[in-house]
Amino acid sequence: MFFVYGVSMTIAKKEAAKKCSLYEGAHPNRRELSPAEYQAKLDEMTKAKFEKMMPQKLSHSLSTPSLCKEYIELAKRSGDCRDLHVRYRKPTGKVNPKTKKEIVSWVVYNGEIAA
């Protein structure tokens, strides 16, 4: 199973919208922002988040790396994205002592799977 990782502007905007407040100032001097002021503040926070964010999973599981490459091409055409790459789950050979399940790590796919 392969996944596409990266940073997209839509994810950054969702994160910024959670943190962006409609109000400004402390209690006695608190005022509501106008829609234009709020949008400007939201755009500024979105750009800051986009620059700082770590790559996140953008796609659901895809069966082959060629499908991941197609997904990356579509993402590049559709909007602002950066650091797009393919990752897959690689077993580490260790077992979690509590759950008795094998521990896996995410590895960047370079054209060959390291087994």
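This section reports on the structure supplied with the text. Fair warning: this is a prediction, and the values are worked out from it, not measured in the lab.

## Re helix H3 (residues 65-78)
Okay, so step 1: The end-to-end C-alpha separation of H3 is 20 Å, in line with the 20 Å expected for 14 residues at 1.5 Å each.
Okay, so step 2: In this structure, the buried side of H3 is in contact with strand S1 (2-8) and strand S5 (81-95).

## Brief notes about the pattern of salt bridges
Okay, so step 1: Taken as a whole and judged by the stated rule, the model has three salt bridges.
Okay, so step 2: In this structure, Arg31 engages Glu24 in a salt bridge whose closest nitrogen and oxygen atoms are separated by 3.0 Å.
Okay, so step 3: One salt bridge in this structure joins Arg82 and Asp83, with 2.4 Å as the shortest N-O distance.
Okay, so step 4: Using a relative accessible area of 42% as the deciding quantity, one classes Asp83 as partly exposed.
Okay, so step 5: Through salt bridges with shared partners, a single network forms among Glu24, Arg31 and Glu37.

## What about the environment of Lys18?
Okay, so step 1: Take Lys18: it is sitting in helix H1 (residues 9-19).
Okay, so step 2: The sequence separation of Lys18 and Ser66 amounts to 48 residues, and the corresponding C-alpha distance is 35 Å.

## Section: the sheet that holds S1
Working definition: the strands of a sheet are paired by backbone hydrogen bonds and lie parallel or antiparallel to each other.
Okay, so step 1: Across the sheet, four strands lie side by side as S4-S1-S5-S6; this open sheet has antiparallel pairing. With partners counted over all chains shown, the strands left at the sheet margins are strand S4 (56-57) and strand S6 (102-108), one partner each.
Okay, so step 2: Here six bridges tie S1 to S5, and the two strands are oriented antiparallel to one another. Paired with Val4 across the two strands is Val86, which belongs to S5.
Okay, so step 3: Across the face of the sheet, H1 comes into contact with S1 and S4 while running at roughly 60° to S1.

## Overview of unusual backbone geometry
Okay, so step 1: Of note in this structure, Asp83 is not a glycine but carries a positive phi near 55°.
Okay, so step 2: Assignment of secondary structure puts Asp83 in strand S5.

## Some points on the pairing of S6
Okay, so step 1: In the sheet, S5 pairs with S6 via six bridges, with the strands oriented antiparallel. Bridge pairing links Tyr88 to Val107 in S6.
Okay, so step 2: Hairpin connection of S5 to S6: six residues between the antiparallel strands, including Lys100 at a positive phi of 65°.

Cut-offs and rules
Residues numbered from 1 in each chain as written. Predicted model: local features only at pLDDT ≥ 70, side-chain atom pairs only at ≥ 80, totals over all residues. Heavy atoms only, no water. Helix = DSSP H or I, 4+ residues; strand = E, 2+ residues; numbered from the N terminus. Expected span 1.5 Å × (residues − 1). Contact = heavy atoms within 4.5 Å. Salt bridge = Lys/Arg side-chain N within 4 Å of Asp/Glu carboxyl O. Buried < 20%, exposed > 50% of the residue type's maximum accessible area, 1.4 Å probe, protein only. Pairing = 2+ DSSP bridges. Axes fitted to C-alpha atoms, helices over the stretch in contact; angles between N-to-C directions.

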